[in-house]
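Per-entry structural report
Spelled out, the chains give:
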Amino acid sequence: MSTVEMKGEVHDSRVLQWARSIIEESPSHRLIQQEIVNAVNRNAIWRGEECLNLLAPEAPTTPIVRQLLASEVGTRAAEGHIGSTQRWFAGTKYIDEIEALCVELLKKVFHANFADHRLVASMIGNMTVYAALTQPGDTIMTIAQPFGGHSSNRVDGPAGIRGLQIVDVPMDPVELTVDLDGFAKVARQVRPKLVTLGASMTLFPFPLKEMAEIVKEWGGRIYFDGAHQLGLIGGGQFQDPLREGACVMTGSAGKTFSGPQSGIIVWNDPEFSVPITNAIFPALAATHQVNRVAALAAAAAEFLAFGKEYMAQIVTNAQALGKAFDERGIRVLCTHKGYTRTHQVILDVKEFGGGYEVGKRLAEANIITNKNLIPGDGPEDWDFPSGLRIGTTEVTRFGMKEKEMDTIADLIASVLSGNEKPEVVQSKVIELRRSFSKMQYCFPE
Ligand SMILES: *Cc1c(COP(=O)(O)O)cnc(C)c1O
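Residues numbered from 1 in each chain as written. Predicted model: local features only at pLDDT ≥ 70, side-chain atom pairs only at ≥ 80, totals over all residues. Heavy atoms only, no water.

The protein appears in an unreviewed UniProt entry as Probable serine hydroxymethyltransferase from Brevibacillus brevis. What UniProt states about the protein under its Cofactor (unreviewed entry) heading is, verbatim, "pyridoxal 5'-phosphate". According to its UniProt record, the protein has this under Sequence similarities (unreviewed entry): "Belongs to the SHMT family." (UniProt positions renumbered as here; feature names shortened; annotations may be inferred.)

Encoded structure:
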């Protein structure tokens, strides 16, 4: 089939062409709909049952969370704040109950005075914080991508859209944490209104207390973007940003927290309630998906019961995996610091062809990871960086422990070395997954 390139189309033209041919050649609209269901089912079997999903931003939600995502309440409109006088629409009495349970559960999990449940993505949380706490032209400091920084806090994301001047937080490329002396020097020069901590590639806690002391000198503040670490923080397995001096924290509900993909925001100071809440509604969220809110509340209840134990095992598994790679001669970042204190392990796979190439080969063996920029990579390495990021959230939820981390390291090592064909490794992966198919750290069905 010939592929027609379309001017201005950013997506892969071959894949779009495939979709057009399905749409044009199907004998009925109903069969087109069935094709969508088929693709969803193919994914559910492959990624859901036959893959080792080691993508750090993913987590498997429990059956009740998935059920609530498909619930009737997802068809209801409920703009505004909780309580009948603050809603535009009538008919929200039970929706108020769902949302109030969600808000109060989030406050409890994160020991926070205030929480909001209406962020349809953590990305919207970043935008909320910049809209609420900065003005266009203000200077902020954030972490650059090769050190784990995320686009949402850089010029190409919400921080850039807000028109902020962005200065890099100096990072130590060996310790993979903030260079505190460097930070003190730069920060005292540029006096940022806000310093954003948290990162997508994240191995160790940040010197948040010390940084908060420094920025206090000119009334600056720390914002913790805990997209990745949110579950670890709630489960008491990482630093506690709100207690160490961050004025606000956002996070992804669907990463380590293991709820429905969306965002969470928490803060303690009543002074922030009006600016933060106004930035959410009516600025960035209107109909905020009450089915998602219900699912989030259910995930938070599970988290209160099982979060601590679940999150502790995630970190134990990541450390075991780091050690297992190290023992097999694969370069792991921060071997001198015990590899990690989060759900992530970062490999330097330059000698095996780089993160893109290795990620592709592993996917052929049903092992799903992602390429990642690491210190030493420059802007020219964006598409083909040296690193590979691996996360242990999902395998942990399916009951894997330290012993299985050795098995995973063996499987990955055999693909990297080329000692075994991806098809051979693939069948071993499917077999391993078969023994770990029941979700743990949740209430019985
Ligand atoms: C993933 C991520 C985000 C965006 O979160 P979504 O829930 O995907 O919108 C923001 N900041 C950081 C540091 C992230 O890793």
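1. Comments concerning the site of the ligand
Taken together, 14 residues surround the ligand, and among them Met123, Ser200, Asp225, Ser252 and Lys255 come closest. Residue Met123 places a main-chain N or O atom 2.9 Å away from an oxygen atom belonging to the ligand. Contact with the protein chains removes 83% of the 380 Å² of surface that the ligand exposes when unbound. Top contributing element to the shell around the ligand by residue count: helix α5 (residues 122–133), with three residues. (Near = heavy atom within 4 Å. Polar contact = N/O pair within 3.5 Å; in protein donor to acceptor, adjacent residues only side chain to side chain. Areas by Shrake-Rupley, 256 points an atom, 1.4 Å probe, with all protein chains shown as cover. Helix = DSSP H or I, 4+ residues; strand = E, 2+ residues; numbered from the N terminus.)

2. Structural notes on the UniProt feature "modified residue: N6-(pyridoxal phosphate)lysine" (unreviewed entry) in the protein
Under the UniProt annotation, the feature "modified residue: N6-(pyridoxal phosphate)lysine" (unreviewed entry) is placed at Lys255. Considering the arrangement of structural elements, one finds Lys255 in the loop between β9 (246–252) and β10 (263–267). When its relative accessible area of 16% is taken as the criterion, Lys255 is described as buried. (Buried < 20%, exposed > 50% of the residue type's maximum accessible area, 1.4 Å probe, protein only.)

3. A few points about the packing of helix α13 (residues 354–364) against helix α15 (residues 402–417)
Contact pair α13 / α15: the axes reach a minimum separation of 10 Å and the direction vectors enclose 120 degrees. In terms of crossing hand, the pair formed by α13 and α15 is right-handed. Residues Val358, Arg361 and Leu362 of α13 form the contact with α15, whose participating residues are Ile412, Val415 and Leu416. The class makeup of the residues in the contact of α13 with α15 is five nonpolar, no polar and one charged. (Axes fitted to C-alpha atoms, helices over the stretch in contact; angles between N-to-C directions. Left-handed = near helix turned anticlockwise from the far one by under 90°. Contact = heavy atoms within 4.5 Å. Nonpolar A, V, L, I, M, F, W, Y, C, P; charged D, E, K, R; others polar.)

4. Structural notes on the packing of helix α7 (residues 180–190) against helix α8 (residues 208–216)
Look at α7 against α8: their axes get within 10 Å of each other, and the N-to-C directions meet at 20 degrees. As far as their axial angle goes, α8 and α7 are roughly parallel. In terms of crossing hand, the pair formed by α7 and α8 is right-handed. Facing Leu180, Phe183, Ala184, Ala187 and Arg188 of α7, the residues of α8 in contact are Glu210, Met211, Ile214 and Val215. Class assignment for the residues of the contact of α7 with α8 results in seven nonpolar, no polar and two charged. (Parallel < 35°, antiparallel > 145°, perpendicular 65-115°, else oblique.)

5. Remarks on the pairing of strand β14 (residues 387–391)
Within β14, five of the five residues are buried, leaving the element largely enclosed by the surrounding structure. Side-chain alternation along β14 places Gly387, Arg389 and Gly391 on one buried face and Leu388 and Ile390 on a second face that is also buried. Looking at chain direction, strand β11 (residues 344–348) and β14 are connected through five bridges and run antiparallel. Bridge pairing links Asp348 to Gly387 in β14. By the bridge criterion, three bridges tie strand β13 (residues 370–372) to β14 in an arrangement that is antiparallel. Residue pairing across strands places Lys371 opposite Leu388, the latter belonging to β14. (Pairing = 2+ DSSP bridges.)

6. Observations regarding the state of the cysteines
All told, the structure shown has zero disulfides when counted by the stated rule. Cys442 carries a free sulfur, and the closest cysteine sulfur to it, the one in Cys102, is 19 Å from it. (Disulfide = S-S within 2.5 Å.)

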